[in-house]
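Here is what each chain is made of, one letter per residue.
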Amino acid sequence: MIYQTIPQRHIHAFLEKGHYFTPCCDFDDKVEFRYGYCLFNYHFSSAKGLAKCVGYTHEDAEVNRWINSSGVSCWVRELYDEPRMWKVHGSAGAAIRISVRGDSLLRHVEAQKHATASGAVIYGGVFSSVEPQFSVRWKLEEAEDAIHHLFFHKRPKYGWEREFRIVLFSKRGVYIKMAPEMIDSVEISPLGELDSSLKRKLRDVFGNHILESADDRNALRLQRIATQIDDG
């Protein structure tokens, strides 16, 4: 299972248009992709050295092209620090967290015929020999294949996120519609009250997959157990 937190201001677009793949240039962290590029193309041993390298990348037309055009979908593989996730990813206010099965989402995205790559994010350039970053190869053009891994590197301070991401090599602003049955659960943030009309709409779309109280969570748990029994 993978999880994504959506602040209230983006929920309407999620319901009406689908899941949005955000270009790196629109991320709050303006070092996205540039950090990975510097790891593999420059030698630096300090924050000052990294900042100098990042400065160079702003003059590199090719780097800027990838940053401006490739859409990224960010998820977490485990809820390692829930309070912090609600605060940071949920903008410390009204928000929801959706959960989906990672393999189902990947199959759905690939079916849209976009060139894509996916995998776990590496923090501080430290690779895991136990859990490799990539276990498959994608049908990418030569240029995309040469740089796709640079989207999967972040600075160590973001390690708490335990992030999993999907990258689309496509035009900017790509939405991919997700059928309600793809969503395993929709949890409402404890840090803010959702607009009442929006909450009703979420209930209409996702029914008892909405998790707002202990009773909701228990009902979904029992439903999952019953489904597993029916499946044998």
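Bear in mind the structure is a predicted one, so any value in this text is a computation, not a measurement.

Basis of the calculations
Residues numbered from 1 in each chain as written. Predicted model: local features only at pLDDT ≥ 70, side-chain atom pairs only at ≥ 80, totals over all residues. Heavy atoms only, no water. Disulfide = S-S within 2.5 Å. Helix = DSSP H or I, 4+ residues; strand = E, 2+ residues; numbered from the N terminus. Buried < 20%, exposed > 50% of the residue type's maximum accessible area, 1.4 Å probe, protein only. Pairing = 2+ DSSP bridges. Arc of directions from axis to C-beta. Contact = heavy atoms within 4.5 Å. Phe/Tyr/Trp six-rings, centres within 6.5 Å; stacked < 30°, edge-to-face > 60°. Lys NZ or Arg CZ within 6 Å of the ring centre and 35° of its normal. Salt bridge = Lys/Arg side-chain N within 4 Å of Asp/Glu carboxyl O. Core = buried A, V, L, I, M, F, W, Y, C linked by side-chain atoms within 4.5 Å.

Colleague: Hey, could you run me through the state of the cysteines in this one?
Modeller: In a disulfide, the sulfur atoms of two cysteines are held together by a covalent bond. Under the criterion given, the structure shown has 1 disulfide. For cysteine 38, the disulfide goes to cysteine 53, at an S-S distance of 2.0 Å. Between cysteine 38 and cysteine 53 the sulfur-sulfur dihedral comes to about -105°; the bridge is accordingly left-handed. Of this pair, cysteine 38 sits in helix α2 (residues 34–41) while cysteine 53 sits in helix α3 (residues 47–57), placing them 15 residues apart in sequence. Each member of the pair, cysteine 38 as well as cysteine 53, is classed as buried.

Colleague: How should the pairing of strand β5 (residues 115–120) be read in this particular structure?
Modeller: Walk down a regular strand and you will see the side chains alternate between the two sheet faces. For β5, the tally of buried residues reaches 6 of 6 residues, placing the bulk of the element in the interior. In this structure, β5 lies alongside strand β8 (residues 163–169), joined through 6 bridges in antiparallel fashion. Looking across to β8, one finds that threonine 116 is bridged to leucine 168.

Colleague: Can you walk me through helix α8 (residues 196–206) in this structure?
Modeller: The set of residues buried in α8 consists of Leu198, Lys199, Leu202 and Phe206. An end-on view of α8 places all buried positions within 100° of arc, on one side of the element. The exposed set on the far side of α8, more than 90 degrees from its buried face, consists of Arg200 and Asp204. Residues of α8 that are buried make contact with α1 (8–16), β4 (95–100), β10 (183–188) and β11 (210–211). Glycine 207 sits one or two positions beyond α8 and adopts a positive phi of about 55°.

Colleague: Mind showing me how you'd approach the environment of arginine 77 here?
Modeller: As for its placement among the helices and strands, arginine 77 is situated in the loop between β3 (70–76) and α5 (82–88). In this structure arginine 77 comes out as partly exposed when scored by relative accessible area, which is 25%. Residues arginine 77 and arginine 162, spaced 85 residues apart in sequence, show a C-alpha to C-alpha distance of 6.0 Å.

Colleague: Would you mind showing me how to read the packing of aromatic side chains here?
Modeller: Taken as a whole, this structure holds 6 aromatic pairs when the rule is applied. Between the aromatic rings of phenylalanine 33 and phenylalanine 151, the centroid separation amounts to 4.7 Å while the plane-to-plane angle is 50°, which identifies the pairing as tilted. One end of the pair, phenylalanine 33, is in the loop between β2 (19–23) and α2; the other, phenylalanine 151, is in the loop between α7 (142–147) and β7 (153–154), and 118 residues separate them in sequence. Over the face of the ring belonging to tyrosine 80 we find arginine 162, whose NZ or CZ atom lies 3.8 Å from the ring centre.

Colleague: Help me out: how do you make sense of the pattern of salt bridges in this one?
Modeller: Enumeration over the complete set of coordinates arrives at 15 salt bridges. Between glutamate 187 and arginine 97 there is a salt bridge, with the nearest N and O atoms lying 3.4 Å from each other. Of this pair, glutamate 187 sits in strand β10 while arginine 97 sits in strand β4; the two residues are 90 residues apart in sequence, bridging distant segments of the chain. Between lysine 154 and glutamate 161 there is a salt bridge; the shortest N-O distance is 3.0 Å.

Colleague: Got a minute to help me understand the pairing of β2 in this structure?
Modeller: Counted residue by residue, β2 has 4 buried out of 5 residues, so it is predominantly covered. Strand direction decides the pairing type here: β2 and strand β9 (residues 174–176), joined by 3 bridges, are antiparallel. If you follow histidine 19 over to β9, its bridge partner there is isoleucine 176. In this sheet, β3 lies alongside β2 in antiparallel orientation, the contact comprising 2 bridges. Note on β3: the bridge partner recorded for threonine 22 is valine 72.

Colleague: I'm lost on the nonpolar core in this one. Help?
Modeller: By size, the foremost hydrophobic cluster in this structure holds 29 residues, and its most contacted members are Ile96 and Leu105. If you list the elements that add at least two residues to this core, you get β1 (2–7), α1, β4, α6 (102–110), β8, β9, β10 and α8. Judged by nonpolar contacts, the second largest core, of 18 residues, contains Trp66, Leu150, Phe151 and Phe152.

Colleague: Just checking my understanding: could you explain α3 for this structure?
Modeller: Residues spaced three or four apart along an α-helix face the same direction, because each turn holds 3.6 residues. Of all the residues in α3, the buried ones are Leu50, Cys53, Val54 and Thr57. For α3, the angular spread of buried residues about the axis comes to 100°, placing them on one side. α3 presents Lys48 and Lys52 as exposed residues on the side facing more than 90 degrees away from its buried surface. Residues of α3 that are buried sit in contact with α2 and α4 (61–69).

In short, the description is geometric, and any link to function would need to be established separately.
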